Amino acid sequence: MGNVAVGLSQGDFSVIMKLLNENLTEGQPPPGVVSKPGADSPEVKEQPVKKGTASSVSAAQGETKAITAPKIPATTDQSGSKLKFGFKLDSVSASLFSGDTEMTKEVCEHDRAKCLGKFELAGFLVEGEMMNDNSMKVKVILKDTSLEDMRPPKQNGITSTIERSPWSRMIQRSKSGSHSGSASPNMIDVSFIQAKNQDKNVDVKINSIHVCVCTEFLMSIADFFVKGMPPAPKEPPQLPSAKKGVKKAPVKEKPKLAPPPESEMSITVSLGRPDIILIEDPSSYDSNAIILETEMMFKMRVTPDATTMGGSIKDLQLYSCVFNKRDSTKTQILPPCEINLHSNAPYGQGQHMDIQMTDMILSISPATIRTLTAISSGLAPAQETEEGSKSSAVPDNLWAVKTLAETNFWFLNFTVPEAEDAAAVELEASGEQPVEEEEVTHGEQLLLAAPVIVVKLEGGIGKRTVPLLIVETGFQGEVRDWSSELHVESTVNLEVAYYNEALAVWEPVLEPVHENNKRHKWEIAMQVAQNNDVLLIDEDDVDLPIQPPKMSITVKSEDILNTTITKTCLDVLSNLGKAFNDAYNLVEPTVKPGEVMSPYLIQNDTGLDLTIKLDNEFETEDTLETSELVNGTVNGQNGMPPQADSGRVHLPAGKALPVFGRRHNALVRKASIIKATQEGDEKKILFQIDQFGVTREVTINRAEKKLFEINKKTEYPAGDKWAVLVSVEASYGRKTISLRSLVQVHNHMSQAVEVFYKKGEKDLVSVGRADPGKSLPLPLPALYTYTSEIYFKPVSDRYGICTNGVNWRTASESGLFPLTCATKDGHASFYMNVNPTPEKVLFEDSSEMNRECLTLNLHPTVILHNLLPFSLSCLLETKIDGGSQDATEEVHLDRGENYALYNASVNKSSMEFKMKYRGLQWTGRRQIQADVPELSIWTFEATNEKGEKKHLDLGLHNKQGSGTLDISLYSPYWMINKTGMPLAYRGNDAEVTLEHPADYKDIVLFSFKAKSLFSKKKDNKEKNGKGTVSEKKTKVKEMKQAGKASLKIRDSEWSDKFSLDVVGSSGTVQCKTKTGSYECGVRIDMTSSGLSKIVTFTPFYMLVNTTETTVSCKEPVDSALWLDVAPGECLPFWPQQTGKEMKLKAKVKLSDEETGPFLINTAHTTLLKLDNEYGGLDVECHVSESAMVTTIGPYKHGCASVLLVNQAENLSISFSQSGVGKTHSLGGKQAVLYTWEDALGKRELVWSCGEKKDERNDLTKDGCGDVFYLPDCKLFWVSFLDGPQRVLLFTEDMAVVGLVQKEVEYTFERIDQEINLSLRGVGLSLVNNINQTEVAFMGITSSGIIWEEKKKRYKALNLKTLVILEAAYQKYLIELAAGKSPSSRVTLENKMEVDFEEMQMYKPHKRGIRRSFVEGVWVQYKTSPHQLQLHAKINRLQFDNQLAGAVFPTVLSPLPPPKSVAADSVPKPFTEVSLMLSKHEHSHMTQIKYFKVLIQEMALKVDQGFLNAIISLFSADVPISREQETKQFEEDWKQTNLPLVEIVGVSLSHGKKNFYDHLHFSPIKVHLSFSLQGGGEDGDKPTAIQANVLNVFLQSVGVVLTDVQDVVFKLGYFERNHSFYNNSQLSSEMTSHYVGQAIKQMYVLVLGLDVLGNPFGLLRGLTEGVGDLFYEPYQGAIQGPEEFAEGLALGVRSLFGHAVGGAAGAASRITGTLGKGIAVLTFDDDYQKKRRQQLNKRPANAREGFARGGKGLIMGVFDGVTGIVRKPMEGAKQEGVGGFFKGMGKGLVGVVTRPTSGVIDFASTSLDGIKRIVDLSDEIRRLRPPRRFHKDLIIRPYIHTEAEGYAILQETEKGRYVDDDYVAHAVVTKDGKNVLVVTDKRIVFASKGELLGQWNCEFTYTWVDLKEPPRVISKGIEVVLKDKEKKKFLFGGSSSKKEIHITDKKTAEWIVEKIHEQMERGR
């Protein structure tokens, strides 16, 4: 045949499909109608089949075969040809057109412009030959296939139709031919050969396929077919009974085995390398694309014995590129990998398959994500417009009684099952399955292994990306019996690391597991089991057995999941998140993918020409000219530049050289990525300063700064060597190596500055300019001058160079340096501050940070911040030096804006502010001063129209930053009136009131008068003179505490005073009037600066209208008027009524019908009936602590109180609301909607029927029941939810009740899938790797041993029983181990009888028992078609403070219950969550049956040092920029302009609501302790809070934080029953419930603190004790006489414990606070620090407590006396002569205060000891010692033994060996009190003090002291010392040997090996 072309429009396709559909469905019954075999439909009987025919054979074999042709008699020539055939088709094509075909003429032509695409098969050929012996050969060839995009032209694109490019074809033959070598001219070759013995061979070759996937085109093709299909006929709703098991399922028969094949068949399929391209933008050649390349091979052989299969996917790889620059822009996503398959299935048995994968490494960068997102965006369907936004119309006759025939309730459409099927329904109702014959398992098996899968998440710019996060995992799995009972077992191992660019290493995120000195990846195992068994239910069984789930998945890990998050890791994750988020949202990247960034850039900033010599690891660009040595962004190939001479490159001053590392093609596999990179990748460069001929070698492997001295010396100071600083910085995979001098200038101003140095005695030479926000390195010649001075000048013609220079050599000692640049034209001078910051750097190749480099930071002197909510102008006046007149400068500042005053000089300039506020012009004048309090008052004045002077007090915040004085003008309080009423405020000064009119929408500024908030004396001081700063500050603080205001609403009296400072809380204020009172809500928030509080007054009652018409409301009193509320509006409502019940009536404005009265001060939801087209109004009243909001909405389906349905035939039911006289009647087969007639009355429905009267139902919960309306006639009722609508159904048919209940209650439905997740434990370590400290460790740990008994499921036994059982079991095990044969059946002391062999309990009940433990995290998730269950437990959570010198080592931990309670209770997890929800088939509403969260009591102990460490870990190092500050202020200001609706937080849109049957969140009880001290080196001084906002807030309120001990927060539980909520409603109610309580308790408890310890401890202890005595005997009495007495004894002991402990505890806290106060008096940081460390180590026992107290007393006296000598010497060493006298003072004060402090500490520690003896609860200790840190700053995986040894070394001799690097340690004695520690310099033998528990050094030897390396002897280790060491042993004779006894030989060998290694290194 020639060419066949088909043109098909969408209309044509639709017609064809419609015709086909109609023809095929003709004669079939409509869907949903099930025909039953019966009289109407005769059964089709099977026809008898004659034997011998073809059909009988197929029936017998169970398979169909083609009817064979009649046999031809055989000829003599067997191999002759019997049949030859051939078929050829040149091409067949189909073109698809959008739209319809116009039938206007006989032959219609399609419009080419509407053509979508064309599919063509070209060169189709079939030829074959059949021989006489039935052998056969067939060949099928397809030359080419193409799918072409024929849509209208897109210019210059891949799919352009003008110049038809190869890319417009989605599918075609690849022009390059097959990559495999043998190029085939055909796309598909199929050959089929059949031998005479019927063996068959099929060979399929697919070659040269090119597939270019354009998703947009494919979607338009798919759209063509989808829209062309005829619409499916609507099916009637399926009856549930049809779905359910009404018919009996047939019993399954065993499948019969098919006979084995008689001949062999082999199939081979090969796919040559196809081009599969995903294209982002088909209209552009420069589009990004993702290309897949692979080669596939599949072989299958079927023999009579077995079927074998083998396949492979080779060279599977994925890369991204720019479409038309594929080779140059290639970026690998997946490097080549292989997947192999082997399978073997012997006849009659299951398949055995094996799939193996080679290492897969997947690199995912933002660019890849961006391309994939752009590609997939073509797949996303167009978003449909939201339906349902408009409320549905109210049905006609809403409240009328309807007959059931008019309705279509799903619950009445059940078909009642026939009698014979009742058994099946019963079976279905019980959740059983029909009985099946046992299935035969064939032993199928699949083994799957992927040993290494690496996923790299990359970040970066363009082609230069760095892997930032790496996930390395391996997978092994086995799948069995998938055709019968599926079973899967698999294990996954996992390691996650992030890339620390500064150190060029991978650091752990998910740590490997360290066990028995070996390390392996974290492992998790998964098991999947399919369960087809069904429990048969015994009718006599009382308990309904629970059916096993159909499939259970168990995910379990025995390893603890330890993660480490460092500060750098947080940055990496946030950068990665931002990059991927931008890519996903298709944000344009800054650098185009084609650009190449060099990984290394060498920058010469020395000011001298250099020659660089590179080692062999580098390559540079060959197209580089000297002029191009600038910014390092170049294009070109590899190789050295032309000017390179044997690897040397000349680098002129100020230029940069881009350099590439040599490419290593081979992928090096290591056991662990983390380990591999921590071994290092070093590169070296040599730099030579041409002028001096100096050469230095630099090693580059991490970001660091190194200082190299060169042999050039300065003339003055004589002999000072010049130095070059080599600074390596890493960013996004590029290391910049800067060679510069020691000093650089950084400009923090918005004004560029030029920098000069003095050459000779007078000449000033310019170095260059420092642009705003940039750094300028100073050249070497500029530093090493005669004066060493640097000069500055603003880049402006107006100003000259500053008069005095900065000497960089002495700058770091002199501190802040003010500079003045005089003006040339009589203007004010330019002022700036230079703040020198030194930084420690490495000296050459040593590892010691013992040199310094310097940054000169340039800052403006003053920055002015306008923190007022309106703009103002500032006139700056500065005295000109030597002149009499002032220079002025005017500045205009918008609200929230800040401005640098470059012409302001501190103590010389003054400011005059002018602003317009409330119609008046206000002015204030002030001098800029540095030594004023941080917060001071500034009074502004204005004159009103009457000429009266008005005053306005504002606040001024002065903050001296790092070089700048920040001055902020603010108002302490912003008052916002949203009440719609005139308000007035007054502070403590009763005479001054501030009016706030109702119509004034702006902010009113309020402040307390000077005498209450600020000190008046201080103002005088400011005028008189300087005074001392501390004096002024204390005055201000003293006067700051009173801050209470009163409120007046309209003509009311003044309210009681209330605080305006309780930020974050809300409440109400009442103002009494003559007739009643006004009430309004107050909410207090804080601005982002922390200086102003926003006080918002809202009406207490508010009305919100969410209907689409205006609603009118009115109070039911005579004088009231109708109040109109427009749609979407929220109005204040001020009621006239007084009393407990506030009532309201409502109506739609356009109608006259009113609703009944309803309450607006009690929470409720009620539908109020209206007999008009509106149906009713849905009223919801929401009550919070500061408002009562009544929302009036339209009628919606489900908001009526109940739908009553009477299905009984001839029975009428009368009903009414309880307490309402009017009764209604509902006849048989009728239904009616009903809502409460009296919204104020009792909400209970009373119904009667026949003889049964006054049945009551409150309609809140589901239920069912029955009543006899006649002596022998029963009526059933059932209450359930149909969607949101409550239905009460009456019926005489029990089957209906059963089926409705089945639909509603799915409790016993069989679970489809159960997932169990259990983790042994979880650990999270927070590390600040910048300053090398572990801040915190959070651990979730598993429990100890527990015993469980099995009732229905295993439940834990109580603690007392558990202890007895475990003791007996251990005794049994010991006897077994000793070779005895003890009886396994034992009677225990609590009369329990158990058998340990059978694990059975016989008394008091016969039950199974087991010994177990609770996992750290356990989650169970179950699903079935109609329900979801979630049960989760966190066993124990502890959060530790890992900082050295922590006041509280444990921050958060659960508090165990008192022992008396614990003994009789089951151990409980810290947190438990239980959730069960059901989904209904007939509605989208979710019903939460049960949701409970339980959290145990906990202790929260925080110290200031810990808070600061957490803040510095999570906060960015860069301070908030001035632009951000303005943005934040703008956000604050926007919050004040929110409409009332948003302030109240009422959602106008009705989200999807869920029904909560029972929701309960437990109360939260927290014991809070807080200390102002904290870790770090600052001794015992209270640590400043690092959060500025918090500091400012505390200061402005005047609260002085003090230590808090054991203050109890009790937050009440949150419970909701039988209510509707949407998610946002519920979460906001819950948050406000807990947060509101917490904030209020925080203020009350913090303000009610007692400075001297916590005297409440005494009372609390005593009440607990008395409580124990009162309850325990009662609990014990149930258990018989012995235990009664025991209970009494325990009670007495407990009372003694709590009473003595309580008294001792309180006394200890009181004396503790006194001791601390006196210690602060000594002014000696060391003493305070030591004292704190001593007290923080809790004594291990009473003896140690008393001893340590005694030592403190003696040490106090000793330190006091020796301090007189020691302190002046120390002071002189540190601070010279001044220090000597300072030390003298300290020493003298110490003589008195130190012994006193020691006495008080003795009392405190001794009392602590008493408390420890009687304390019944175990002390909570840190979960693990803090992490060990290494000298190279790399964070390595945590090793517990290392951390222990490191901690001992840190503590030995109070930290004497802190500078040593820990290597190893060995515990010498069993009690762990003697330890041998090996460091890089010495061995230390440390022992723990008996009394005080501190680590002392018994002896220590450095490597120099040892004569030879130690050796292992029988007793342990022998150390041989050099002869000079002999004399040190007073009692040891002259022996020079030392023996260290270590019993374990392996330990001794290991420690000796470590010592040998270190001695070798030391040499």
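Owing to the predicted nature of the structure, the values given are computational and were not obtained by experimental measurement.

K.L.:
I keep staring at the overall build of the protein and nothing clicks. Help me out?
P.N.:
Across its full length, the protein holds 27 helices and 105 strands. Out of the 1963 residues belonging to the protein, those deemed buried represent 44%. Long-range pairs, those at least 24 residues apart, make up 63% of the contacts in the protein with a sequence separation of at least 6. With the model as given, the accessible surface of the protein reaches about 101000 Å², and the carbon-plus-sulfur share is 55%.

K.L.:
How should I be thinking about a positive patch on the surface in this particular structure?
P.N.:
A cluster of like positive charges, contributed by Lys1351, Lys1352, Arg1353 and Lys1355, occupies part of the molecular surface. Inspection of the secondary structure puts Lys1351 in the loop between strand E82 (1345-1350) and strand E83 (1354-1356). Given a relative accessible area of 55%, Lys1351 falls into the exposed group.

K.L.:
Would you mind showing me how to read the nonpolar core here?
P.N.:
In summary, soluble globular proteins display a tendency toward joint burial of nonpolar side chains. Counting 77 residues, the largest nonpolar core has Phe1439 and Phe1506 as its most contacted members. Apart from residues lying up to four places away in sequence, Phe1439 is in contact with Leu1326, Ala1336, Phe1337, Met1338, Thr1450, Val1451, Leu1452 and Phe1506.

K.L.:
How do you make sense of the pattern of salt bridges when you look at a structure like this?
P.N.:
Where charged atoms from two side chains of opposite charge come close, those side chains can pair. According to the stated counting rule, one finds 56 salt bridges in the structure shown. Salt-bridge contacts for Asp720 lead to Arg809; the nearest nitrogen and oxygen are separated by 2.3 Å. Pair noted here: Asp720 is in the loop between strand E32 (705-713) and strand E33 (721-731) and Arg809 is in the loop between strand E40 (806-807) and helix H10 (811-814), with a separation of 89 residues, a long-range link. For Asp720, a relative accessible area of 24% gives the class partly exposed. The closest approach of N and O atoms between Arg1836 and Asp1832, which form a salt bridge, is 2.8 Å. According to the relative accessible area criterion, Arg1836 is partly exposed, its value standing at 23%. When its relative accessible area of 26% is taken as the criterion, Asp1832 is described as partly exposed. When salt bridges that share partners are traced, they join Arg273, Glu293, Glu295 and Asp315 into one network.

K.L.:
Would you mind going over the sheet that holds E40 with me for this structure?
P.N.:
Sheets are built from strands that pair by backbone hydrogen bonding, the pairs being arranged parallel or antiparallel. Strand order across the open sheet formed by four strands is E37-E36-E39-E40, with antiparallel pairing between neighbours. Bordering the open sheet on either side are strand E37 (763-770) and E40, each of which pairs with just one other strand. The pairing of strand E36 (residues 753-759) with E37 spans seven bridges and is classified as antiparallel. From the neighbouring strand, Val755 faces E37, where its bridge partner is Gly768.

K.L.:
I tried to follow the packing of helix H5 (residues 366-377) against helix H7 (residues 567-584) on my own but got confused; where do I start?
P.N.:
When two helices pack together, their arrangement is given by the angle between their axes and by how far apart the axes lie. One can describe the packing of H5 onto H7 by two numbers: an axis separation of 8 Å at closest approach and a directional angle of 25 degrees. One finds that H5 runs roughly parallel with respect to H7. Considering the relative orientation of H5 and H7, their crossing is right-handed. Contact residues: H5 offers Pro366, Ile369, Arg370 and Thr373, while H7 offers Ala579, Phe580, Ala583 and Tyr584. Among the residues forming the contact of H5 with H7, the class breakdown is six nonpolar, one polar and one charged.

K.L.:
Mind showing me how you'd approach the sheet that holds strand E26 (residues 610-614) here?
P.N.:
Pairing is antiparallel across the open sheet formed by four strands, whose spatial order is E28-E26-E30-E31. In this open sheet, the two edge strands, each paired with only one partner strand, are strand E28 (648-651) and strand E31 (694-700). Strand-to-strand twist in this sheet, taken as the mean axis angle between neighbours without regard to direction, amounts to 25 degrees. The pairing of strand E30 (residues 683-689) with E31 spans seven bridges and is classified as antiparallel. Paired with Lys683 across the two strands is Ile700, which belongs to E31.

K.L.:
How should the confidence of the model for the protein be read in this particular structure?
P.N.:
Where the model shows low pLDDT, its predicted coordinates should not be examined in detail. For the protein, per-residue confidence averages 78 on the pLDDT scale, and 75% of positions sit at 70 or higher. Within the model, pLDDT remains below 50 along residues 384-390, and this stretch shows one contact once partners closer than five positions in the same chain are excluded.

K.L.:
Looking at this structure, I do not really get a nonpolar patch on the surface. What am I missing?
P.N.:
Residues Ile16, Leu20 and Leu24 make up a contiguous nonpolar surface patch of roughly 300 Å² in combined accessible area. By the element assignment, Leu20 lies in helix H1 (residues 10-25).

K.L.:
What should I look at first to understand the pairing of strand E8 (residues 209-213) in this one?
P.N.:
Across the five residues of E8, four count as buried, placing the element largely inside the fold. Where strand E5 (residues 169-173) lies against E8, three bridges are found, and the strand directions are antiparallel. Across the sheet, residue Gln172 finds its bridge partner in E8, namely His210. When E8 meets strand E10 (residues 275-279), the two strands line up parallel, connected through four bridges.

K.L.:
Can you help me understand the packing of aromatic side chains in this one?
P.N.:
Think of a pair of aromatic rings as described by two things: how far the centres are apart, and how the planes are tilted against each other in angle. Applying the stated criterion across every chain, the model contains 43 aromatic pairs. Aromatic pair Tyr917 and Trp922: ring centres 6.2 Å apart, planes at 45 degrees, arrangement tilted. On the basis of relative accessibility, which here comes to 6%, the residue Trp922 falls in the buried class. An aromatic cluster is built from Tyr973, Tyr985, Phe1006, Phe1008, Phe1058 and Phe1097, whose rings are joined through pairwise contacts. The residue whose ring lies beneath Lys712 is Trp722, and the NZ or CZ to ring-centre distance is 5.6 Å. The ring of Phe843 has Arg851 sitting right over it, with the charged end atom 3.8 Å from the ring centre.

K.L.:
Can you walk me through the pairing of strand E39 (residues 789-794) in this structure?
P.N.:
Here is the key point about a regular strand: its side chains alternate between the two faces of the sheet. Burial within E39 is extensive, with five of its six residues counted as buried. As paired elements, E36 and E39 share five bridges and run antiparallel to each other. Of the residues in E39, the one forming a bridge with Val753 is Pro794. Relative to E40, E39 runs antiparallel, the two being bridged by two bridges. Looking across to E40, one finds that Glu789 is bridged to Asn807.

K.L.:
What's the story with the side chain of Ser490 in this structure? I'm lost.
P.N.:
Among the structural elements, Ser490 can be located in strand E19 (residues 487-500). Classification of Ser490 by relative accessible area gives buried; the value is 8%. Here Ser490 is in contact with Phe475, Gln476, Gly477, Ile524, Ala525 and Met526, once residues within four sequence places are set aside.

K.L.:
Got a minute to help me understand the packing of H1 against helix H3 (residues 215-228) in this structure?
P.N.:
Running from amino to carboxyl end, H1 crosses H3 at an angle of 40 degrees, the nearest separation of the two axes being 8 Å. The pairing of H1 with H3 is recorded here as oblique in orientation. For the element pair H1 and H3, the recorded crossing hand is right-handed. Together, Gln10, Phe13 and Ser14 of H1 and Asp223, Phe224, Phe225, Lys227 and Gly228 of H3 make up the contact between the two elements. Across the contact of H1 with H3, the residue classes break down as three nonpolar, three polar and two charged.

K.L.:
Would you mind going over helix H26 (residues 1840-1851) with me for this structure?
P.N.:
Residue pairs spaced three or four apart in an α-helix point in one direction, given the helix's 3.6 residues per turn. Compared with the 16 Å implied by 1.5 Å per residue over twelve residues, the 17 Å span of H26 between its first and last C-alpha is a close match. When we look at burial in H26, the residues that qualify are Glu1842, Ala1843, Gly1845, Tyr1846, Ile1848 and Leu1849. Where the residues of H26 are buried, they touch strand E99 (1862-1867), strand E100 (1874-1879), strand E101 (1882-1888) and strand E102 (1895-1902). Backbone geometry just downstream of H26 places Glu1853 in the positive-phi region, at approximately 50 degrees.

K.L.:
Quick question: what am I supposed to make of the state of the cysteines here?
P.N.:
Note on terminology: disulfide describes a covalent bond linking the sulfur atoms of two cysteines. Using the criterion set out here, one finds zero disulfides in the structure. The thiol sulfur of Cys1080 is not disulfide-bonded, and the nearest other cysteine sulfur, from Cys1071, lies at 6.3 Å. Among the residues examined, Cys1080 registers a relative accessible area of 0% and is labelled buried.

The rules we used
Residues numbered from 1 in each chain as written. Predicted model: local features only at pLDDT ≥ 70, side-chain atom pairs only at ≥ 80, totals over all residues. Heavy atoms only, no water. Helix = DSSP H or I, 4+ residues; strand = E, 2+ residues; numbered from the N terminus. Buried < 20%, exposed > 50% of the residue type's maximum accessible area, 1.4 Å probe, protein only. Contact = heavy atoms within 4.5 Å. Areas by Shrake-Rupley, 256 points an atom, 1.4 Å probe, with all protein chains shown as cover. Patch = residues over 30% accessible without salt bridge, like charges linked within 9 Å, V, L, I, M, F, W, Y side chains within 5 Å. Salt bridge = Lys/Arg side-chain N within 4 Å of Asp/Glu carboxyl O. Lys, Arg positive; Asp, Glu negative; His and termini not counted. Charge placed at Lys NZ, Arg CZ, Asp CG, Glu CD. Core = buried A, V, L, I, M, F, W, Y, C linked by side-chain atoms within 4.5 Å. Pairing = 2+ DSSP bridges. Axes fitted to C-alpha atoms, helices over the stretch in contact; angles between N-to-C directions. Parallel < 35°, antiparallel > 145°, perpendicular 65-115°, else oblique. Left-handed = near helix turned anticlockwise from the far one by under 90°. Nonpolar A, V, L, I, M, F, W, Y, C, P; charged D, E, K, R; others polar. pLDDT = per-residue confidence, 0-100. Phe/Tyr/Trp six-rings, centres within 6.5 Å; stacked < 30°, edge-to-face > 60°. Lys NZ or Arg CZ within 6 Å of the ring centre and 35° of its normal. Expected span 1.5 Å × (residues − 1). Disulfide = S-S within 2.5 Å.

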